[in-house]
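# Residue-level structure breakdown
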Amino acid sequence: MKLLVKLIVWRQFRNVFLIMNLTGILLFLSLLSVSAGVYSQERISVHKTNTTIDELVEVIEKQTDYQFFYNSSLSRQVGSIDIDIEEATIYSFLQELSSKSNLEYAIKDQIVILKEGKKSVQSTKTIRQTLSGTIKDSKTGEALIGASVSVKGTSNGTVADVNGNFDLELETGKYTLTVSYIGYKTKNISIEILPGENKEINITLDREVSSMDQVTVVGSRTTPRTTMESPVPIDNISASELTRSGQNVLDQQLMFKVPSYNATQQPISDAAAHFSPAGLRGLLPSRTLVLVNGKRKNSSALVYSYVTPGRGEVGVDMKAIPTSAIERVEILRDGAAAQYGSDAVAGVINLVLKKKSDPFINMGYNVTSQGDGQQYNFDTGFGVDILDKGYANFTFSHIDQQRTQRAGEITSLEDEANYWGVDETTDYSLSDLDNFLTRNPSAGFQVGLPDMTITSFSYNTGYTLREETNTEIYSFGTLTNRTGSAPQFARVPYWVPGFQAIYPNQEFFLAEMAPQILDNTFSLGIRSDFNDWNFDLSSTLGKNRIDYYINNSFNQSFAGASPSNFYNGAHEFSHVVNNLDISRAFEPAGIKALTLAFGAEHRTENFKIEAGEFASYGDGESPDAQGNRTGSESFPGFKPENASNNYRSNLGFYTELTTDITDGFLIGGAARFENYSDFGQNISWKLNSRVKLYEDKINLRASVSNGFRAPSLHQIYYTAVTTTLTENGVVQNGILENENPALRALGIPKLQAETSFNIGAGLTFRITDRIGLTADVYQITVDDRVVLSGQVTATGDPASPIDQVLSDVGVGSAGFFLNAIDTKTQGLDIVLSFDDITAGKGYFEGSIAANFNETTVESINLPNFIVQNNLENNIFSREDVSRMETWRPQEKIVGNVTYNLDKFSATLSSLYYGSVTYLSNNEVDDATYSGKTLVNLSVSYEMNDNVQFTVGVNNIADVYPDTFGEAYADRGGHPTDRNLDFVGRFQYPWQTTQFGIDGRRYFAEINFRF
């Protein structure tokens, strides 16, 4: 125990020390950034003869943070000049420049406007009039400082000053003005200057890039394309869109934004309560690949072993990347194993980190209408320039979440007594039970969100080594530490007698899963151009580690000598990924463009299981023990014989070719060869195409591909003992590693790769420049799908190989991973997006998106031994089929609209979750939980350029999923199998989850920008 206490204290000290160090680094770099900015503004040295304005501006912009705006013809008009200054201020430089070139200048913030000075002598042969005006943003009315105005066909031109004003001297006649500004659409304006007329005009420019035209990296290894012109469906979501949801962590933000993405918080599910199993397009977590800046993100160390959606799956810890570090999220909704390798069956999520941001501080708070579940978040970060050739961005994030309580109450004394077999003849009498339930209507149960604290640090940096070849060295990384505590099943004296020996004044004890989770990613690479070839060489290290602690628990076999807190061991997954990516664009005769990409990836993976302390799994053999249970309650520790350290490696080669045969017709293909050290080779391929119609407003697209998913190391080597509700009541279940020789005796083969076939077709319709529609249908078949079986129980025959295996591992029942089923998933994605839609003095932006999907289990393929011993229903039952097919909503519709008006903005969103159906092994307990609509509202106000305040309400109507009482209203208000609602302890379904059970939540956030 002393060793355990020391370990816990050391870990907490280490976390505090880490936070202090990271905070110190941030403060130091902030001071360094400020100091660098001040220095660059005050010290300028220029020694140039016969130089031009263009060359001077390039020199000054490299030495300072100032940006220059001027008409492109100005450099030619001024000609060559001489400048010789040393350690001068920006103002001294501009005065020197003005005296030698007859230029006028204006400065606002760090923007310098240069334009030709007024001529002192005007020709008597010509009469010039003055054309003046203003240039502003068409939506916000903001002055466009430095916007360019040129007279078409002449060298005459100017730029807008700090107030957006400009003036030109023109002779009498007709002219065409070309008005342009970075990020805005260029506008041509016809004017006529009459004799003696001084004309004034007001010009507005429209922003150039809408959300439909943002370029994405994911989807192709060749040329990046916009979401509307891509041959495959892609979502491009900015970080600001995610934060409008009022959610604090990335997985829940995506849940609120992307209809084909589902990640519901699971109450009381061991360590999975601290994760949210996430699926894309109706498939479960293992089949979605996650990238960070285009590099593979490591999986978590957790196997979702609980009887909930995602059982048996392995996914990426989406809580490990803070949203405040992200610039955007790209989601490829198409099979991409041929491009990116294993796991990209349902699609790819690419998290693009910020390269540079202004210093910021975000602080937020939210709470449920019941006053629990408080969440606090604090984010800060900044970006800096590295000399004149690099960038670096740093982000620190801290989130603290407190638990919620949504447990139900025991339905009746009779129901509880019958479930546990309590009567007047038992040691714990019926009258004792009656008195206990009077004092504890929920039998001590807690159901809801866990306590959780997440601390993250991330960085993204790059530096150009050689400008001629765009040679850049880059690196990025994240470090996330998460702790928390999730209540498990409350132990009562008629379930686990004897706990009063260490809890003398308690009527029950509530064991809590309190893992410590560490996730980190580090990537280092170099990219360059050489003879039109693009090279990218990188290495990425990633690790996720879970140290399991069970607090407030009890090992019955130790009786009064039992500890209350246990260290149960650890899971750890890590990988090292080395990538070489090469690409080049060609323009062969008769073809608009052709892009070739090819490369290689080498990946080494490692999965560890570390044993816990003896008290967490061992038999204390106390003579005072009142039962025959061993190990810490709710989650026995990993035994030394469970400990393992397993590796594998993989080498892959890919190539991709995309051809724009014409402006309107594209065709592309990809192929990939993989060789795994543990199960062999695989070849996957992909074809896609896109055709533009109707003046390029409509794009038809289609793709077809095959793919694969390698069984994860977790699924091959995972082993554990957990406490679960089954048809036989509350039992301890063992999960045996697939490599266990005992499974060969049961006819269970070694795991093989899943194979998939993906076909999709769709269209994009650019209704206007600001309104776009996409619709895509898809079908994904997965053969030899890896699943975690149900529990095989003893037959009672000592000679049975089943009984022998269970006896050897010391559990009452056991499950294992095997390639057992073939599935087919069909779906439809529809997205209507719009932005900059003028309404009054403001404008609207937003989207309406929907996903409809259906998964069917096409066949169940079990070994002969299982069939011959009538174990089919044990391995993959009707309930298991239902988990695949109907436990997640088959319809999800997300609508959101934001209205922007000057300093105000308001966002209204709604989410419809379709119904879910639970199919029991006993048909009488089948139930459907109806679809629900949640409505959210938030309002933001910019107090000034530096401060923004947001308040909002999620789930305004306080909507909850149907209760068990509602679902079984025609059958006595509860299921016949009381394991489903645990005799009323669960008020809401914990298996067929649609969305969370928090109810209404209020939130507020304040943002500072510097």
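The preceding data block contains the structure.
Bear in mind the structure is a predicted one, so any value in this text is a computation, not a measurement. (Residues numbered from 1 in each chain as written. Predicted model: local features only at pLDDT ≥ 70, side-chain atom pairs only at ≥ 80, totals over all residues. Heavy atoms only, no water.)

### Some remarks on the overall build of the protein chain
Condition: We count a stretch as a helix when DSSP gives it H or I for four or more residues in a row; a strand needs E for two or more, and each element gets its number in order from the N terminus. Note on classification: 1.4 Å probe, protein chains only; a residue is buried when its accessible area is under 20% of the maximum for its type, exposed when over 50%, partly exposed between these limits. Should any heavy atoms of two residues lie within 4.5 Å, those residues are considered in contact. The accessible surface values rely on the Shrake-Rupley method and a 1.4 Å probe; as for residues, cover is taken only from the protein chains in view.
Counting its secondary structure elements, the protein chain contains 17 helices and 49 strands. Taken across its 1010 residues, the protein chain has 57% of its residues classed as buried. Taking the intrachain contacts of the protein chain between residues at least 6 apart in sequence as the baseline, contacts between residues at least 24 apart amount to 70%. For the protein chain, the accessible surface area stands at approximately 40600 Å², while carbon and sulfur atoms represent 54% of it.

### A look at the sheet that holds strand E8 (residues 157-159)
For clarity, the threshold we go by: When DSSP finds two or more bridges between two strands, those strands count as paired. Between N-to-C directions, angles span 0 to 180 degrees; the directions come from axes that are lines fitted to C-alpha atoms, helices contributing only their stretch in contact.
Read across the open sheet, the four strands follow the order E8-E7-E10-E11; overall the sheet is antiparallel. The open sheet is flanked by E8 and strand E11 (187-193), the only strands paired with a single partner. Direction aside, neighbouring strands of the sheet carry axes that sit 20 degrees apart on average.

### Points about the pattern of salt bridges
Put simply, the rule reads: Salt bridges are counted wherever a side-chain nitrogen of Lys or Arg sits within 4 Å of a carboxyl oxygen of Asp or Glu.
For the structure shown, the criterion picks out 49 salt bridges. Residues Glu633 and Arg491 are paired through a salt bridge, measuring 3.0 Å at the closest nitrogen-oxygen approach. Remark: Arg491 occurs in strand E26 (residues 471-491) and Glu633 occurs in the loop between helix H10 (614-617) and strand E32 (644-660); sequence separation between them is 142 residues. Here Glu633 falls in the buried class, since its relative accessible area comes to 3%. Taking relative accessible area as the criterion, Arg491 reaches 1% and is therefore assigned buried.

### Overview of the packing of helix H8 (residues 413-420) against helix H9 (residues 430-439)
How we decide: To sort the angles, those under 35 degrees are grouped as roughly parallel, those over 145 as roughly antiparallel, those from 65 to 115 as roughly perpendicular, and the leftovers as oblique. We call a crossing left-handed when the near helix sits turned anticlockwise from the far one by less than a right angle, and right-handed when that turn is clockwise. Residues are grouped as follows: Ala, Val, Leu, Ile, Met, Phe, Trp, Tyr, Cys and Pro are nonpolar; Asp, Glu, Lys and Arg are charged; every other residue, Gly included, is polar.
Relative to each other, H8 and H9 sit at 125 degrees, their axes nearing to 10 Å. Overall, the two elements H8 and H9 adopt an arrangement that is oblique. At the point where H8 passes H9, the crossing takes the right-handed sense. Taking contact as the criterion, the partners of Leu413, Glu416 and Ala417 in H8 are, on H9, Leu430, Leu433, Asp434 and Leu437. For the contact of H8 with H9, the residue count by class is five nonpolar, no polar and two charged.

### Details of the nonpolar core
Let me state the cut-off plainly: Take the buried residues of types Ala, Val, Leu, Ile, Met, Phe, Trp, Tyr and Cys, join any two whose side-chain atoms come within 4.5 Å, and each joined set is a nonpolar core.
In terms of nonpolar packing, the biggest core is built from 42 residues, with Phe445, Tyr494, Tyr929, Tyr968, Phe982 and Phe986 touching the most fellow members. Among the elements of the structure, H8, H9, E26, strand E27 (509-513), strand E45 (916-918), strand E46 (927-929) and helix H17 (964-967) are those that each provide at least two residues to this core. At three residues, H9 tops the list of elements feeding residues into this core. The next biggest cluster of nonpolar side chains, apart from the first, holds 28 residues, and it includes Leu242, Leu250, Tyr261 and Leu280.

### Concerning a negative patch on the surface
Here is the rule: Within this analysis, patches are made of residues with over 30% relative accessible area and no salt bridge. Like charges are joined at 9 Å or less; nonpolar side chains (Val, Leu, Ile, Met, Phe, Trp, Tyr) at 5 Å or less. A positive count includes Lys and Arg, and a negative count includes Asp and Glu. His and the chain ends are not counted in either. For charged residues, the charge sits on one atom: NZ in Lys, CZ in Arg, CG in Asp, CD in Glu.
Where like charges cluster on the molecular surface, the negative patch consists of Glu142, Asp902, Glu942 and Asp945. Positionally, Asp945 belongs in the loop between strand E47 (932-942) and strand E48 (947-954).

### Describing the sheet that holds strand E15 (residues 234-238)
Spatially, five strands are ordered E15-E20-E21-E18-E19 in an open sheet, and the strand pairing comes out mixed. In this open sheet, the two strands that pair with only one neighbour each are E15 and strand E19 (295-296). As paired strands, strand E18 (residues 288-292) and E19 are joined by two bridges and run antiparallel to one another. Note that in E19 the partner of Leu291 across the bridge is Arg296. The sheet contacts of helix H6 (residues 250-257) involve E15, strand E20 (326-332) and strand E21 (347-353), and relative to E20 the element is tilted by about 55 degrees.

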